[in-house]
Amino acid sequence: MKERILIIEDDEGIVRVLRRALSYEGYLVDTAQDGENGLHLARDRHPDLVILDLMLPGMDGMEVCQRLRSGGNIPILMLTAKDAVSDRVQGLDAGADDYMTKPFELDELLARLRALLRRTQLERAPVLTFADLTLDTSTRQATRNGRVISLTAKEYDLLELFLRHPRQVLTREMIFDRVWGYDFGGESNVLDVYIRYLRQKLEIEGEIRLIHTVRGVGYVLRETP
């Protein structure tokens, strides 16, 4: 089934370029020139991904992003002429999954779009399992040997990332990008703190360690050190 892309953008030139490129790639394309109409289309047409401009007439892209996010987990790629780090962080905090500044390279935008769609397809698998550890993504409940594990939102996101990439060494940079949404910087110890919390909860009854440290690189989910 063809995937449907919704473009919410008031620059007619950009809309023409994106519509032509996306249609050529085989996507179904809907467009809106303001946030209100974009939200109506999102509700009525159920797109698989939204390309959203930050600077829109009337309701701005930040509010549109928040409303889209409150209604579900649809992937959102935000476009803006602003390139300050604070603007990027604000957009990601509002719920955007990725962020590109104008002018952009069309090939890069298409690559990022494909990556977001692939990630969404993977996320449709409701139950993730590794060894004696299970995570139900529909209920957000984790269990180990049948024991229910209570997780905070970030602990859940971190565990889900490991379970989607078993036995694969995940760098600190990748984990920061996928779980926190932007780079905290190499000096931050927030990741180590959350790994410690997660290990304590997973090993509280003496279970073997599953999340291992790869010194100088990051962490890996595997059965043995």
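In the block above lies the structure referred to throughout.
Here's what I pulled together on the structure shown here. Note that this is a predicted model, so its numbers are computed, not measured.

The rules behind these values
- Residues numbered from 1 in each chain as written.
- Predicted model: local features only at pLDDT ≥ 70, side-chain atom pairs only at ≥ 80, totals over all residues.
- Heavy atoms only, no water.
- Axes fitted to C-alpha atoms, helices over the stretch in contact; angles between N-to-C directions.
- Helix = DSSP H or I, 4+ residues; strand = E, 2+ residues; numbered from the N terminus.
- Parallel < 35°, antiparallel > 145°, perpendicular 65-115°, else oblique.
- Contact = heavy atoms within 4.5 Å.
- Core = buried A, V, L, I, M, F, W, Y, C linked by side-chain atoms within 4.5 Å.
- Buried < 20%, exposed > 50% of the residue type's maximum accessible area, 1.4 Å probe, protein only.
- Pairing = 2+ DSSP bridges.
- Arc of directions from axis to C-beta.
- Polar contact = N/O pair within 3.5 Å; in protein donor to acceptor, adjacent residues only side chain to side chain.
- Phe/Tyr/Trp six-rings, centres within 6.5 Å; stacked < 30°, edge-to-face > 60°.
- Lys NZ or Arg CZ within 6 Å of the ring centre and 35° of its normal.

Moving on, we get to the packing of helix H6 (residues 153–164) against helix H8 (residues 190–202). Running from amino to carboxyl end, H6 crosses H8 at an angle of 80°, the nearest separation of the two axes being 10 Å. Between H6 and H8, the angle is such that the two are roughly perpendicular. Across the interface between the two elements, Lys154, Glu155, Leu158, Leu159 and Phe162 from H6 touch Leu191, Tyr194, Ile195, Tyr197, Leu198, Lys201 and Leu202 from H8.

Turning to the nonpolar core, a few remarks are in order. Counting residues in each nonpolar core, the largest one holds 27 residues, and the members touching the most others are Leu159, Phe162 and Ile175. Looking at this core, the elements with two or more residues in it are strand S6 (127–130), strand S7 (133–136), H6, helix H7 (172–180), H8 and strand S12 (218–221). When sequence neighbours within four positions are dropped, the list of residues in contact with Ile175 reads Leu158, Leu161, Phe162, Leu170, Trp180, Leu191 and Tyr219. With 19 residues, the next largest nonpolar core counts Val50, Met59, Ile76 and Ala94 among its residues.

Once that is clear, we can look at the pairing of S6. Judged by which residues are buried, S6 turns out to be one-sided: Leu128 and Phe130 face inward and are buried, whereas Val127 and Thr129, on the alternate face, are not. Counting the residues between successive antiparallel strands, the hairpin from S6 to S7 contains two residues, one of them, Ala131, with a positive phi of roughly 55°.

This brings us to helix H2 (residues 35–45). Gly35, Gly38, Leu39 and Ala42 are the residues of H2 that are buried. Down the axis, H2 shows its buried residues gathered within 100° of arc, on one side only. Lining the buried residues of H2 we find strand S1 (4–8), strand S2 (28–32) and helix H3 (61–70). In this structure Asp34 caps H2, since a side-chain oxygen of it lies 3.2 Å from the backbone nitrogen of Glu36. Looking one or two places after H2, you find His46, whose phi comes out positive at around 50°.

The next subject is the packing of aromatic side chains. Counted by the stated rule, this structure contains one aromatic pair. A centroid spacing of 5.9 Å and a plane angle of 75° characterise the contact between Tyr194 and Tyr197, whose relative ring orientation is edge-to-face. Here Tyr194 and its partner Tyr197 are both found in helix H8, three residues apart, which amounts to about one turn of the helix. Overall, the relative accessible area of 37% leaves Tyr197 in the partly exposed class. Between Arg140 and the ring centre of Tyr156, over which it is positioned, the NZ or CZ distance is 3.8 Å.

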